[in-house]
Every structure is written in C-alpha cells, then in structure tokens.
Amino acid sequence: MGIIRRVFSLGFFLFWLSGLYPLLAQQNIAFGIETIPSNAEGSPIRSVLILLEKDGKTYLADSTELAKFTDSFEIRPGGSFRQFTADLALEVVRKQPEIKSASYRLYNTELGGPVTFVLTAEFLEEGDSKEPILEEKARFPLISQTEKSKLTWLLNGGGGFYHEQNGLFAQGEQFTQGNPVATDPAGLGPRFWGEFYIEPGLAGITQLGKSKIFPYASVSFLLSGRNSSDIYSAGATAFGAVERLYGGILLPRLGKNEKLSFDLSAGRQFFQLNDGFLFAKFSGSANAGERGSVYLNSRTTFQMTGLAKIRYGKFHLDGFFLEPQELFKDRQTDTRYLGSSLQFQDNKHWDLGLSYISIINSLSQYSTTGNPIPWEGLRVINPKLWINNLGQKGIFLKSEFAYQTHADADMKALGWYIGGGLLKKAWKGSPSFYYRFAYMQGDDPATPTYERYDALLTGGLGNWVQGLNFRKISGDGNFVTHRVEVKGYLKKNMELSLDYFHFRADQLNNQGGLPPINSFSSKSIGQEVTASFRYFFAKNYLFLGIFTWGDPGKAITENFETQTPDWLSFQGTVFLFF
C-alpha cells in the first residue's frame, strides 16, 4: 500500500504541474527548453545553428555561411558559452549590409547541461535599404556596447523552500558520522527550510585597437543564506564572498584561413567537461554549512582555474588546471587537477573526444581495506563517443569510459556508461525517451589491486546527480545504475520530465563509502523516482519544481537496527538571471 500511495502522489504531482498551464498548439521544440544566456555562462556548446529568413522563408545556413559566424568569436561546438563574446558576435552580424535584424537564443535539455546556440538572421527584402542602426540608450543590465566592446552588470539570484520527509532515510546521525557540517542532520519526520542568494557583478570584453586581441574579465560578489536548519546543519546563517574573479584573452580568426583561435583565461570561473560525467559546472565549489546554500547550490566557480583552448576548424584542444573551492579554511585538502582534452565535432552527428586527467596535488586519501592510497597520483583516460540523430530518425547515443590508474599505487578502476534514446520532434510536446546504464566499479578485497572508481567532480541535475536522494549517501564508486527518462515540453519554455533510477552495488565490500554502509549484505541499494518541472518565465526568471521518492533496498535497510522509511523530497525554487 505504501508504494501505491507514493505512485498516486507522484501522479497527482504531475497532473498538478501539467494543469498549471494549458497545452498550446503543437510546437516544434527541436533543441530543448529555451534558457537564459546568463544562466548558461560557462556551459559547453553542443551545436550551433543559423536560421536565415529571406523572402518569407526560413532555412538553415549552409556550412560556408555557418563558418563565417562561428569563426568570428569562438561560437563553435565544443567551446564554452560566454555571453559577452556571443553578444559581440551578434553585433558583427547585425552590422552586415544585407542583414535587417538578428538575434540568438540558447536551448538545453537539462539544467546546466550543454547548450544549443541558435542564431536567427533576417535579410533585407529586395529594394529595401538598410536603416542605420541607432545607438539606443543602454538598459539594465547593459552599461555600454559597441561592435568592438561590451560592458554589462551581472545580477543573479534565487530563493526557494525545501521539504524533506525522513531525510537520509531517517538515519541522519549515522550517515553523517565525522562530517563537521552535520551539526543537526535530518531524521525521522519532516524538515523544512528556505534558502536565498544574490550575486551582483560586472563583466566586459573589448578589442585592442585594430588587432585580433580581445581581453575580457568578470567579477562578482555572492551573498547566500538559509532561514533555519537544512538537511545537515543547524540554524540560520548568511555568508558573503567573492564568486567570479577571472580574466582572459581571446584571439579569434588567426591563420591564413582564419580557422585558428586561442582562448586563454585564469581565475575564479566555471568549468565543465562534456555533460559532467567527470567534471560538472555545479561541482566547483562547496555550498553547505555556513554558506547556507546546500540545495540552491549558488556557488559554482572553482577557487582557481587556468584554461587554454585552441580551436582549428572542427578540432578542439583544451588544457585545464582546476582547484575546487573547499568549505573549511583549516581543513583544506589542496586538491588540484591537471588535464587536457582533444575533441572533434562536426555539428551534425559526431562528437568524439579523448581526455587525460591527473591529480597533481592532494592531502586526501582513498580508504582501503589495507594501507590508504593518496589521491595525488591518480591518472584518468577518458574517451567519449556521442552520436546524434542517427539516420535522421531522432535516435541518439552517448557513451564515455574512464580508466583510472595510479602513479605510485596498485590501482585500476573502471567507470563507464552507455545510453541511447529517441527524440520525436514532430510529435505533440516533442517527447524524448532515454535509457542509460552506468557502471562505477567497486573494490574486490580478494585482489591486491585497488579497484574502486573515483567519480571526481561529477554532478549536474538531470545528468549525473543519479537520484537526488541517493546521491547524498552513495558516495563515489561501487554503484551500478539503470536510468529511464521520459521528457516533454508543454511550451518552448516549459519542460516536464520523469526519471526512474534502479541502483545496485558492484561489490558487497563498500570500503570508502559512508560509515554505516562500509559493507553490504545485499547488492540491492534501492530505487528512486524523480519528477521535475522547469519553466522560464518573464524572460529572466526560472521556476524549478522537483519531487523525488527514494526507496531503500536491502543493502541499506539491513545495515540499521531501526527503521529506514522511504525518503520524500519536495523543492520549489525561483531563480533570476541578468
């Protein structure tokens, strides 16, 4: 009866969400839900499309026309989206003598995931003359903009309410043993609180004279807090600190054919590799404890980055240095990552990549059944294969593989996934269906080799947060997941998705997991169902509603003497992005 009640509650929740806004006429949601440029800052660009409007018809730009735009300001598949460079590229298009007007929009299929960049350019009709582009009075957040420079205010923020019922399966004190953040962990019954953040700042880019050198920079300050105890920590809190603080140089259109470009930057900024399997945009900073943003996840910049990006046609070579922002100044692990990535994207079907990552410094250690192994010295080889729109039928495949070894220890670990789905653009609501199998190896204590997979800085709601509730207790490695997702669009700015996760352990030995589950008597970890609703409204605002139900399996329940009831979570958040 308990499961029936949960399923009924989930069905009612979905019915309530769908009834908030009536379904309009059929719309072709070809690229996902439209998202706000400032919300996509730092996200990978999955594809670039140009729609040309001429003589009352709209058609896709050919490869030559597309190259003229993508080569202008590094707006290419595989690059990272920066709003001020995209706006400058748009300004170049608008100034072309044959163009009447131009604009761009961004789309993604998951919050914080890779974006599709769609530029729409309208040609002048025959006999029309181009009207001079008048300088308009700058409106917030724009301070000033020319064809060669842009300076703008930043203003991001959000607030939400969060409810946990039987948080951490009513075993909060057990699951948080030794965690300095957990001063009042959730347990049996309800836990309700609110969180907020506000982030003002500045961003700008300019051209140095007539050269092809474009320096850019950004700075912001972020204040966050909560009104009462969250899932881990006691009481209200507020915390303010610098968030963005980075600068860089963009050198586009180099070489004889102007296909070569460089982008060099350093400081506190965003980073994501692919869709977050190893490094996610939302995992660069800690948000719990005194920062009061454990669910809003407002801080996302790394404490320090060094990024070098080289583009030549459809090939991309990136080098990156990453130092995550940690929570406690007196407990720093000083973990630093160094990596490189070579990728090929044809902007149609193929997206191939090969990355190499190493941990070059860290005080942390892997917990083993024998002697601990330091994080420092970990090496990862990460090939990627994504194929889109197979046979023009809307079929897509995604897979990545991570092989981990160690410079100074006997360690070999595997993590990989393979997923496939179908997107039906012509159907009402443009539904998509997706299945993914993910394997993160556990350690077999009978062998001398340490084999537990390290998921590094994985994350991202809708991607690698594998179960909103189970993610909080699963840790890294020893995790085998089946995921089924059904998604559709009520409007171009309104997305509804339903995810089912089934979790099993790879090994009964779970050394390296949270203290109460260092070993399992069963490989059945549990299952989780998540419904999420994304709605961008009033141009600069996003509402995100989430309901998730976690059902523990024997691997969890048999480790406790007291009850481990189902764990229910409700979240409602409004974000603003300027």
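Throughout what follows, the structure given in this document is the object of discussion.

The rules behind each value
Counting restarts for each chain, with residues numbered from 1 along the sequence as it is written. Since the coordinates come from a predicted model, pLDDT governs what is reported: local features require at least 70, and pairs of side-chain atoms require 80 or more to be given and counted, while whole-chain, interface and lining totals use all residues. Note that water and hydrogens are dropped before the side-chain values are worked out from all heavy atoms of the structure. Each patch is built from residues lacking any salt bridge and having more than 30% relative accessible area; the joining distance is 9 Å for like charges and 5 Å for nonpolar side chains (Val, Leu, Ile, Met, Phe, Trp, Tyr). Each accessible area value is a Shrake-Rupley result obtained with a 1.4 Å probe; residue values ignore everything except the protein chains displayed when judging cover. By convention in these notes, a salt bridge is any Lys or Arg side-chain nitrogen within 4 Å of a carboxyl oxygen on Asp or Glu. Counting rule for charge: Lys and Arg are taken as positive, Asp and Glu as negative, and neither His nor the chain ends is counted. The atoms used to mark charge sites are NZ of Lys, CZ of Arg, CG of Asp and CD of Glu. The helix and strand labels rest on DSSP assignments: H or I over at least four residues marks a helix, E over at least two residues marks a strand, and numbering proceeds from the N terminus. Burial classification: accessible surface area is computed with a 1.4 Å probe over protein chains only, and a residue below 20% of its type maximum counts as buried, one above 50% as exposed, and the rest as partly exposed. Take the number of residues in a helix, subtract one, and multiply by 1.5 Å to get its expected span. The pairing criterion for strands is at least two bridges between them, as found by DSSP. Convention adopted: a line fitted to C-alpha atoms gives each axis, helices being fitted over their contacting stretch, and angles between N-to-C directions are expressed from 0 to 180 degrees.

With that out of the way, let us pick up a negative patch on the surface. Taken together, the side chains of Asp55, Glu125, Glu126 and Asp128 make up a negatively charged region of the molecular surface. Note that Asp55 resides in the loop between β2 (45-54) and β3 (57-60). Under the relative-accessibility criterion, Asp55 is labelled exposed at 55%.

Our focus in this paragraph is helix α3 (residues 83-94). With 12 residues, α3 extends 16 Å between its outermost C-alpha atoms, agreeing within 8% with the 16 Å of an ideal straight helix rising 1.5 Å per residue. By the criterion of burial, α3 is predominantly enclosed, with 9 of the 12 residues buried. Taken together, the buried positions of α3 are occupied by Phe84, Thr85, Ala86, Asp87, Leu88, Ala89, Leu90, Glu91 and Val93.

Right, let's get into unusual backbone geometry. In the segment running from Phe140 into Pro141, the intervening peptide bond is cis, with an omega of 10°. We note that Asp334 has phi near 55°; this positive angle belongs to a residue other than glycine. With respect to the element layout, Asp334 can be found in the loop between β13 (315-323) and β14 (336-345). Residue class for Asp334 comes out partly exposed when judged on its relative accessible area of 27%. The backbone of Asn478 sits at a positive phi, close to 55°, despite the residue not being glycine. Tracing the chain through its elements places Asn478 in the loop between α6 (471-474) and β22 (479-491).

Below, the discussion takes up the sheet that holds strand β5 (residues 115-123). One open sheet accounts for 5 strands, arranged β1-β4-β5-β2-β3; its pairing is mixed. Where the open sheet ends on each side, the last strands, each with one partner, are β1 (33-35) and β3. Taking the axes of each pair of neighbouring strands and ignoring which way they run, one obtains an average angle of 35° across the sheet. In terms of strand pairing, strand β4 (residues 99-108) meets β5 through 9 bridges, oriented antiparallel. Looking at the pairing, Ser101 lines up with Glu122 of β5.

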